[in-house]
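Survey of secondary and tertiary structure
Single-letter residue listing:
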Amino acid sequence: VGKVRVVLVRNKAAEGAVRRGEEQFRLLVQSVTDYAIYMVDPNGRIISWDAGAQRIKGYAPEEILGEYFSKFYTEEDRAAGLPQSGLEVAARVGRFEKEGWRVRKDGTRFFANVVIDSIRGEAGNLIGFAKVTRDISERVEAQRALLEEREAFLQSQKLEAIGQLTGGVAHDFNNLLMAILSSLALLRRRLVDDEKAVGLIDNAIEGAQRGA
């Protein structure tokens, strides 16, 4: 009898520890608001909803529990069957991860990193999925801004190189024209008595001056 009593006490203590662990885990999940952490059943219906999910997606628990989780996907992704394919991959290999646009309650979009993990019972049967969504819009926007700045910098370097090239060409071309103008001026003085030749030389000088 004494041994049985000890076993019962130990079992109750273990059950209490498990309950305390579950409660601590629940409180931990509820305290995390940078991530949306919730569960869906094997058919994709939402069965739990945490504070992070409410903050990121905008739905209160009573508004979203029981709804199909594709509600957060864009119309384009729903039409392409991405929500269901994500569950199928997670069910088959245990995990699915992807980045893409998601939709809040107010209709605004945010860029998200999404992880879906399958949850199985002791017998190996699928009992649902844990879904973790993180809003990475700020990171993506920062990357986009960085790429734009890099592109603008490269463009300015190209323009500077073109400016230097054209400046050098203009300088060299101007030197050639000066040599031509000098030669034409000397030739004009030698042919001062040939009006026809002087007229042709004057036309050449005028064209060279315009070029300069």
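Provided above is the structure to which this section pertains.
Described in the following lines is the structure provided in the data block. (Residues numbered from 1 in each chain as written. Predicted model: local features only at pLDDT ≥ 70, side-chain atom pairs only at ≥ 80, totals over all residues. Heavy atoms only, no water.)

**Digging into the overall build of the protein chain**
- Secondary structure assignment for the protein chain yields 7 helices and 4 strands.
- Its helices and strands in sequence order give the protein chain the pattern α-β-α-α-α-α-β-β-β-α-α, from N to C terminus.
- Put simply, of all contacts in the protein chain between residues at least 6 apart along the chain, 37% involve residues at least 24 apart.
- Only carbon and sulfur atoms are counted for the fraction: they give 56% of the accessible area of the protein chain, which is about 14,400 Å². (Helix = DSSP H or I, 4+ residues; strand = E, 2+ residues; numbered from the N terminus. Contact = heavy atoms within 4.5 Å. Areas by Shrake-Rupley, 256 points an atom, 1.4 Å probe, with all protein chains shown as cover.)

**Structural notes on the packing of aromatic side chains**
- Enumeration over the complete set of coordinates arrives at 7 aromatic pairs.
- An angle of 80 degrees between the planes, with centres 5.6 Å apart, marks the rings of Phe69 and Tyr73 as edge-to-face.
- Since its relative accessible area comes to 0%, Phe69 is described here as buried.
- With a relative accessible area of 3%, Tyr73 lands in the buried category.
- Every member of this aromatic cluster is reached through a ring pair, and the members are Tyr38, Trp49, Tyr59 and Phe72.
- One cation-aromatic arrangement involves Lys57 over Phe72; the distance from NZ or CZ to the ring centre is 4.2 Å.
- The lysine or arginine in question, Arg102, covers the ring of Tyr73, its NZ or CZ lying 3.8 Å from the ring centre. (Phe/Tyr/Trp six-rings, centres within 6.5 Å; stacked < 30°, edge-to-face > 60°. Buried < 20%, exposed > 50% of the residue type's maximum accessible area, 1.4 Å probe, protein only. Lys NZ or Arg CZ within 6 Å of the ring centre and 35° of its normal.)

**Here's the deal with the pairing of strand E4 (residues 126–135)**
- Alignment of strand E1 (residues 35–40) against E4, held across 6 bridges, turns out to be antiparallel. Residue pairing across strands places Tyr35 opposite Arg134, the latter belonging to E4.
- With 9 bridges connecting them, strand E3 (residues 109–120) and E4 associate as antiparallel partners. Paired with Ser118 across the bridge in E4 is Phe129.
- The hairpin turn running from E3 into E4, its antiparallel successor, is 5 residues long, and Gly124 in that turn takes a positive phi close to 90 degrees. (Pairing = 2+ DSSP bridges.)

**Focus: the pattern of salt bridges**
- For the coordinates displayed, the defined rule picks out 8 salt bridges.
- Across the pair Glu206 and Arg210 runs a salt bridge, and its minimum N-O distance is 3.2 Å. Pair noted here: Glu206 and Arg210 are both in helix H7 (residues 195–211), with a separation of 4 residues, about one helical turn.
- It is possible to trace a salt-bridge network through shared partners that takes in Arg95, Glu97 and Asp117. (Salt bridge = Lys/Arg side-chain N within 4 Å of Asp/Glu carboxyl O.)

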